Amino acid sequence: MSISIRGVHKRFGQFQALNNINLEVPTGKLVALLGPSGSGKTTLLRIISGLETADEGTILFQDQDVTERSVRDREVGFVFQHYALFRHMTVFENVAFGLRVRRTPQAQVVERVRELLRLVRLEGLEQRYPAELSGGQRQRVALARALAVRPRMLLLDEPFGALDAKVRQELRTWLRRLHEEMHVTTVFVTHDQEEAFEVADQVVVLRGGQIEQVGTPTEVFDHPATPFVMDFLGNVNVFQGRLENGEMHLGPFRVDYPQYTHTESRQATGYVRPHELELAREPVSTRSLSVRVIQLNPAGSVLKVRVHSDDLGIELTVDVVREQAAQLQLRVGDAVFVSPRNVRVFLPSDFTI
Amino acid sequence: MHLDRRVRRSAGRMVANEPAWLRRLLIGTAFFIVGWLIVLPLVYVFWQAFVGGLGLFWTNIWHDPDTRHAIWLTLTIAPLAVVLNTLFGLAAAWLITRFEFPGKPLLVTLLDLPFAVSPVVAGLCFMLLFGMQGWWGPTLRAWGIQIVFAWPGILLATMFVTLPFVARELIPLMQAQGPDEELAAISLGANPWQMFWRVTLPNIRWGLLFGIIQCHARAMGEFGAVYVVSGHIAGETDTMPLRVEKLFQEYNNPGSFAVASVLALIALGTLLLGKLALTHLEPPEQPESESSQ
């Protein structure tokens, strides 16, 4: 079941939560709504579900206009951030709830609940109460409960927000696999870019109630449409520079920028990710910037190196892979040279690449 | 939660470090006060009621038609007021915890008014509204409806005095639980009726029961407001508390204490039920583990 969102606006008093949202979610896809808090991602999810109504705009499921329908008639499976399990019901009765209110015969209820508890790997816990489950188990009960009534789509609000890092990681992988088995159109909200990239087919980046970019994780990460997306998707080094004659000058760095051919010089900002910077003991070319190591941070598979450029008066972060770090034998205070492999340039306001 | 427990434990140790004589003094004082102010009067009521023997007690309760009527009236009016206030309390708590609307803080404040206003004043207000010299009294009389000096007045006065109990108990509970479970029920296809019976009510049942019990205890014993609006006509509008007072004024001590002991007995029963509700209201602490299987 595809979802079309057309011209949706939503206001809470003076606060513009959503501003002219247009979005297509294709059938069977797993889509992440990604953004910082206050970006409108949860509001958008609730408007899709019918828990919230849009001030303006329409919501279509396939070709059917559901804008005026209540959450009860939209047949969506909604998983709440804090699961909202029925605290006085057992796991079995929680999952069975949607079937019971539809007056499904008992034999079918039992069969369907068993099937779902197998799917979410919670067999044997039928008689437990939500308070007796771990966070990860509660999350899976909430999913099973939402799936029991065969919803037309699955909507998840910060599905892993309340879990610790390890369980979170397991559940992400599991959700991805579940989605591959079921192929239910799924939209989930997250503020964690890593989570969005790992789980989703498509990422929708929101900011201040507007969509900044829509694309596959690779597209969004490799070709961020705006400085905001660039900045939001992980650490980035920012250079202020000048643009003229198809070249960008960022201190000693020069980067080709053929889109801008005017001779008139103008302000621009260059963005380089930490893994796109190279460290060397000797200057590689005239473009190398002389820096001083001020901090070394082993972070898993990479060594995070903080360097300071006395010329430009800025600090940079460089990710050095372990083997290279071993070769370089870096120590705090060392003088080294840094050069970019890749720079993305954004002009202020009017035009971007 | 862990921190909380640690603090509580260390507080307990602090008390244990006090000298033994101080501990005994404090505990002794507490028992002394409770004994003199609560236990002794209660025992005295029952002793006075039964001092002439069980036969006299029964005669006092059952063979005085005015007393019998008073018991009957209280046992009818109080439950009726409780039922109506339960419905009101549920509706008010629902409205206040699930919706945003202008004037909400005012409504919450007004809800507490019956606790603040003296019952006698409330009774007088009803007299001014519904009495023959009042605003609506003559009109209602013309329609053949009598409020004051009749059971509807007693019901109104009782309801006014006990209005906040159920709502006051439910509002914090429903606020803490939030609307998510109810929304989940609706999103799973439940209609509002199914949502209420299957999700809302089970979640608030112990709080609701406690509110009803408090409401009931107060409704049974209400004196001031009922005294004013009922006109305390023997055999017609006398309730049990009014009857106790009247018998006492007539120097009929055995009769007065017999009725009082019945009231006290009902109160004790209610109290025990309330205790039961309270133990369920505080759920046992759940071990919080975050491991996944």
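All of these numbers come straight from a predicted model, not from anything done at the bench.

Student: How do you make sense of the overall build of chain A when you look at a structure like this?
Tutor: In terms of helices and strands, chain A carries 10 helices and 20 strands. Projected onto its principal axes, the C-alpha coordinates of chain A cover approximately 80 × 45 × 35 Å. Scored against the burial criterion, the 353 residues of chain A give a buried share of 53%. The contacts of chain A with a sequence gap of at least 6 include a subset with a gap of at least 24, amounting to 64%. When the accessible surface of chain A is totalled, it reaches about 15,900 Å², and 47% of it is carbon and sulfur. In chain A, 42 side chains carry a positive charge and 44 a negative one; their mean positions are 6 Å apart.

Student: Would you mind going over the sheet that holds strand 3 (residues 30-34) of chain A with me for this structure?
Tutor: Backbone-to-backbone hydrogen bonds pair the strands of a sheet. The strands run either parallel or antiparallel. Residues and elements named next belong to chain A. Across the sheet, 6 strands lie side by side as 6-7-8-3-9-10; this open sheet has mixed pairing. Only two strands of the sheet have a single partner each, and these edge strands are strand 6 (76-79) and strand 10 (210-215). Averaged over neighbouring strand pairs, the angle between their axes works out to 15° when direction is ignored. Summarising the sheet, strand 7 (residues 153-157) and strand 8 (residues 186-190) pair through 4 bridges and their orientation is parallel. Across the sheet, residue L154 finds its bridge partner in strand 8, namely T186.

Student: Would you mind going over helix 2 (residues 20-50) of chain B with me for this structure?
Tutor: An α-helical turn contains 3.6 residues, so any two residues separated by three or four positions project in the same direction. All names here are of chain B. If you check helix 2, its first and last C-alpha atoms are 42 Å apart, about what 31 residues at 1.5 Å a residue would give, namely 45 Å. The largest bend along helix 2 measures about 45° and falls at G35. Considered for burial, the residues of helix 2 that qualify are V45, Q48 and A49.

Student: In this structure, what is going on with the interface of chain A and chain B? I would like to understand it.
Tutor: Many descriptions give the size of an interface as the accessible area lost when the pieces come together. On the side of chain B, 25 residues touch chain A, which itself brings 37 residues to the contact. Summing both sides of the interface, chain A and chain B together bury roughly 2,600 Å²; the carbon and sulfur share of this comes to 52%. The largest contributions to the chain A side of the interface with chain B come from R72(A), R87(A) and H88(A), which together make up 22% of the buried area. In this assembly, chain A and chain B are joined by 1 salt bridge. The partner of R87(A) in a salt bridge is E181(B), and the shortest N-O contact between them spans 2.7 Å. Secondary-structure elements contributing two or more residues to the side of chain A that touches chain B are helix 2 (71-74), strand 6, helix 3 (91-100), helix 5 (135-147) and helix 6 (165-182) of chain A. A per-element tally of the side of chain A that touches chain B places helix 5 of chain A first, with 7 residues. Partitioning the side of chain A that touches chain B into residue classes produces 19 nonpolar, 6 polar and 12 charged.

Student: Before we go on, may I ask you to explain the domain arrangement of chain B in this structure?
Tutor: All names here are of chain B. Examined at the domain level, chain B breaks down into domain 1 (1-50) and domain 2 (54-291). Taken over C-alpha atoms, the centre of domain 1 sits 30 Å from the centre of domain 2. Roughly 920 Å² of surface becomes buried between domain 1 and domain 2 when both sides are summed, with 74% attributable to carbon and sulfur atoms. Inspection of the region where domain 1 meets domain 2 yields 0 salt bridges. Our count for the contact surface shared by domain 1 and domain 2 stands at 0 residue pairs in polar contact (both at pLDDT 80 or more). Element by element, the count of residues in the side of domain 1 that touches domain 2 is highest for helix 2, at 7 residues.

Student: I keep staring at the pairing of strand 9 (residues 202-207) of chain A and nothing clicks. Help me out?
Tutor: The side chains of a regular strand alternate between the sheet's two faces. Residues and elements named next belong to chain A. Counting buried positions along strand 9 gives 5 out of 6 residues, so the element sits mostly inside the fold. Both strand 3 and strand 9 contribute to a ladder of 4 bridges, which runs parallel. Bridge pairing in strand 9 places A32 opposite V203. Here 5 bridges tie strand 9 to strand 10, and the two strands are oriented antiparallel to one another. Bridge pairing links L206 to I211 in strand 10.

Student: Hey, could you run me through the environment of E323(A) in this one?
Tutor: All names here are of chain A. Following the sequence through the fold, E323 ends up in helix 10 (residues 322-328). Assessed through its relative accessible area of 59%, E323 is described here as exposed. When the C-alpha positions of E323 and L250 are compared, they lie 29 Å apart, and in sequence the two are 73 residues distant.

Student: Mind showing me how you'd approach the pattern of salt bridges here?
Tutor: Any two side chains of opposite charge can pair, so long as their charged atoms come close to each other. All names here are of chain A. All told, the structure shown has 27 salt bridges over all chains when counted by the stated rule. As a salt-bridge pair, R306 and E315 come within 2.5 Å of each other at their nearest N and O atoms. What makes R306 partly exposed here is its relative accessible area of 25%. By relative accessible area, E315 is classed as partly exposed at 41%.

Student: How do you make sense of the packing of helix 4 (residues 65-98) of chain B against helix 14 (residues 240-249) of chain B when you look at a structure like this?
Tutor: Helix-helix packing is described using two parameters, namely the angle between the two axes and the distance between the axes. All names here are of chain B. Between helix 4 and helix 14, the shortest axis-to-axis distance is 8 Å and the interhelical angle comes to 150°. Looking at the two axes, helix 4 sits roughly antiparallel to helix 14. Across from D66, T67, A70, I71 and T74 in helix 4, the residues of helix 14 making contact are M240, P241, R243 and L247. Residues belonging to the contact of helix 4 with helix 14 are distributed by class as follows: 5 nonpolar, 2 polar and 2 charged.

Student: Is there a simple way to think about the side chain of Q213(A) in this case?
Tutor: Residues and elements named next belong to chain A. In this fold, Q213 is placed in strand 10. Taking relative accessible area as the criterion, Q213 reaches 10% and is therefore assigned buried. Within the local environment of Q213, its side chain forms a polar contact with the backbone nitrogen of A225, the two atoms lying 2.8 Å apart. Not counting residues up to four positions away in its chain, the partners in contact with Q213 are V203, V204, V205, E219, V220, H223, P224, A225 and V229.

Student: Looking at this structure, how should I read the packing of aromatic side chains?
Tutor: Pairs of aromatic rings are described using the distance from one ring centre to the other and the angle between the two planes. Applying the stated criterion across every chain yields a total of 16 aromatic pairs over all chains. The residue whose ring lies beneath R273(A) is F221(A), and the NZ or CZ to ring-centre distance is 4.5 Å.

Student: Would you take a moment to explain the sheet that holds strand 4 (residues 56-61) of chain A for this structure?
Tutor: Residue and element names in this part refer to chain A. Pairing within the open sheet is antiparallel, and its 4 strands lie in the order 2-1-4-5. Every other strand in the sheet has two partners, leaving strand 2 (15-25) and strand 5 (64-65) as the edge strands with one partner each. One ladder, built from 5 bridges, connects strand 1 (residues 3-12) with strand 4; its direction is antiparallel. Considered in strand 4, the bridge of I5 is made with I59. The sheet strands contacting helix 1 (residues 41-49) are strand 1, strand 2 and strand 4, and the helix crosses strand 1 at an angle near 120°.

Student: How do you make sense of the confidence of the model for chain B when you look at a structure like this?
Tutor: Low pLDDT marks regions whose predicted coordinates should not be analysed in detail. Residues and elements named next belong to chain B. Summary statistics for chain B give a mean pLDDT of 84 and a share of 90% for residues scoring 70 or more. By mean pLDDT, helix 1 (residues 2-16) is the weakest element of chain B at 47, and helix 11 (residues 180-187) is the strongest at 93. Under a pLDDT of 50 for its full length, residues 1-12 has, in the predicted model, 2 contacts with residues more than four places off or in other chains. Throughout residues 284-293 the model reports pLDDT below 50, and contacts reaching past four residues in sequence, or to other chains, amount to 23 contacts. Model confidence for the complex: the whole-complex pTM is 0.79, and ipTM, which rates the interface, is 0.81.

What counts and how
- Residues numbered from 1 in each chain as written.
- Chains lettered and ligands numbered in written order.
- Predicted model: local features only at pLDDT ≥ 70, side-chain atom pairs only at ≥ 80, totals over all residues.
- Heavy atoms only, no water.
- Helix = DSSP H or I, 4+ residues; strand = E, 2+ residues; numbered from the N terminus.
- Buried < 20%, exposed > 50% of the residue type's maximum accessible area, 1.4 Å probe, protein only.
- Contact = heavy atoms within 4.5 Å.
- Areas by Shrake-Rupley, 256 points an atom, 1.4 Å probe, with all protein chains shown as cover.
- Lys, Arg positive; Asp, Glu negative; His and termini not counted.
- Charge placed at Lys NZ, Arg CZ, Asp CG, Glu CD.
- Pairing = 2+ DSSP bridges.
- Axes fitted to C-alpha atoms, helices over the stretch in contact; angles between N-to-C directions.
- Expected span 1.5 Å × (residues − 1).
- Bend = angle between axes of the 7 residues up to and from the residue.
- Buried area = accessible area lost by both parts, 1.4 Å probe.
- Salt bridge = Lys/Arg side-chain N within 4 Å of Asp/Glu carboxyl O.
- Nonpolar A, V, L, I, M, F, W, Y, C, P; charged D, E, K, R; others polar.
- Domains from an automatic or database assignment.
- Polar contact = N/O pair within 3.5 Å; in protein donor to acceptor, adjacent residues only side chain to side chain.
- Parallel < 35°, antiparallel > 145°, perpendicular 65-115°, else oblique.
- Phe/Tyr/Trp six-rings, centres within 6.5 Å; stacked < 30°, edge-to-face > 60°.
- Lys NZ or Arg CZ within 6 Å of the ring centre and 35° of its normal.
- pLDDT = per-residue confidence, 0-100.

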